[in-house]
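Structural overview
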Amino acid sequence: MDMKVQIAGARLARQVMSTPPLSGLRNAETTPRCLVPDNASDEEWKTWVFRTFNPVSHPIGTCAMMRQDMGGVVDGKLKLYGAKNVRIVDASVMPTQVSAHLSSTLYGIAEKVADMIKAGL
Ligand SMILES: Cc1cc2nc3c(=O)[nH]c(=O)nc-3n(C[C@H](O)[C@H](O)[C@H](O)COP(=O)(O)OP(=O)(O)OC[C@H]3O[C@@H](n4cnc5c(N)ncnc54)[C@H](O)[C@@H]3O)c2cc1C
């Protein structure tokens, strides 16, 4: 899913920048123009994404809140599957990126789980 979103986002960015009025305000595309032509396949985009992208100090998802049969590690109360009462409350539980920067989202997650703990959930 991450790769599909990256490819769709990159294609959309090119389309937006190639459409008036923005197209009249920029110089020629420098990257990834020479590596990824307009008619590029998903595989060509994928190669460019793998070579170029990094998480820019905002890694997430290694203990994703998700159903266990889908690869999740914690449930909706952030309790670890298979353990009695262990919670994970950090950026690792975010299954997908909600914005480029994580801190404000993490404060929200922490507040919500603090309320759950106080309520005995
Ligand atoms: C260079 C950089 C710039 C960033 N800029 C921004 C920004 O501008 N805006 C923004 O919103 N986000 C930014 N982020 C992202 C944000 O800082 C992180 O996503 C966020 O801090 C992650 O929070 P966390 O609680 O998951 O982990 P962390 O903040 O990394 O907290 C983990 C804590 O666990 C402690 N710890 C680790 N192992 C153990 C252990 N075994 N026992 C006890 N304690 C342990 C660590 O010491 C640490 O205090 C930036 C990140 C980096 C690296």
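Residues numbered from 1 in each chain as written. Predicted model: local features only at pLDDT ≥ 70, side-chain atom pairs only at ≥ 80, totals over all residues. Heavy atoms only, no water.

Per an unreviewed UniProt entry, the recorded name for the protein chain is 5633_t:CDS:1, and the organism is Acaulospora colombiana.

**Here's the deal with the packing of aromatic side chains**
Selection rule: For Phe, Tyr and Trp, where Trp contributes only its six-membered ring, two rings pair if their centres lie within 6.5 Å, and the inter-plane angle classes them as stacked under 30 degrees, edge-to-face over 60, or tilted in between. Helix and strand labels come from DSSP, where a helix needs a run of H or I of at least four residues and a strand needs a run of E of at least two; each type is numbered from the N terminus. Between buried and exposed lies partly exposed: a residue is buried under 20% and exposed over 50% of the maximum accessible area for its type, with that area taken using a 1.4 Å probe on protein chains only.
Taken as a whole, this structure holds one aromatic pair when the rule is applied. Between W45 and W48 the ring centres are 5.8 Å apart and the planes differ by 75°, which places this aromatic pair in the edge-to-face class. Remark: W48 and W45 occur in helix α2 (residues 42-52); sequence separation between them is three residues, near one turn of the helix. No difference in accessibility class separates W45 from W48, as the two residues are buried.

**Considerations on the domain arrangement of the protein chain**
Going by this rule: Annotation comment: domain bounds sourced from an automatic or database domain assignment.
Taken domain by domain, the protein chain consists of domain 1 (2-52) and domain 2 (68-118). Relative to domain 2, the C-alpha centre of domain 1 lies at a distance of 33 Å.

**Focus on the side chain of K79**
To keep things clear, this is the line we draw: In this count, Lys and Arg are taken as positive residues and Asp and Glu as negative ones, while His and the chain termini are left out. Should a side-chain nitrogen of Lys or Arg be within 4 Å of a carboxyl oxygen of Asp or Glu, the pair is scored as a salt bridge. Contacts: residue pairs with any heavy atoms within 4.5 Å of one another.
Looking at the secondary structure, you find K79 in the loop between α2 and α3 (103-118). D75 provides the closest opposite charge to the buried, unpaired K79, separated from it by 6.5 Å. Ignoring anything within four residues of it in the chain, the contact list for K79 reads V73, V74, N85, V86, R87 and L121.

**As for the site of the ligand**
Which entries qualify depends on this criterion: Only heavy atoms are used to decide nearness, and a residue is near a molecule or strand if one of them lies within 4 Å of it. Within 3.5 Å is the distance limit for a polar contact, defined as a pair of N or O atoms, with the added protein rule that one can donate a hydrogen and the other accept it, and that residues adjacent in sequence qualify only through two side-chain atoms. Methods summary: accessible areas were calculated by the Shrake-Rupley approach with a probe of 1.4 Å, and residue burial reflects only the protein chains presented. Charged residues are taken to be Asp, Glu, Lys and Arg, nonpolar residues to be Ala, Val, Leu, Ile, Met, Phe, Trp, Tyr, Cys and Pro, and polar residues to be all remaining types, Gly included.
Every residue lining the ligand is accounted for by S57, H58, D90, A91, H101, L102, S103 and L106. One nitrogen or oxygen atom from the main chain of A91 is found 2.8 Å from an oxygen atom belonging to the ligand. Between the ligand and the protein, one listed contact pairs an oxygen atom with a backbone N or O atom of S103 at 2.9 Å. For the ligand, the accessible surface in isolation is 1,000 Å², of which the surrounding protein chains cover 28%. Of the residues assigned to the shell around the ligand, the class counts are three nonpolar, four polar and one charged.

**Side note on the pattern of salt bridges**
A full pass over the atoms with the stated rule returns eight salt bridges. Across the pair R14 and E29 runs a salt bridge, and its minimum N-O distance is 2.7 Å. Pair noted here: R14 is in helix α1 (residues 2-17) and E29 is in the loop between α1 and α2, with a separation of 15 residues, a long-range link. Side by side, R14 and E29 carry an identical accessibility label, which is buried. Taken together, the shared-partner salt bridges connect R14, E29, R33 and D38 into one network.

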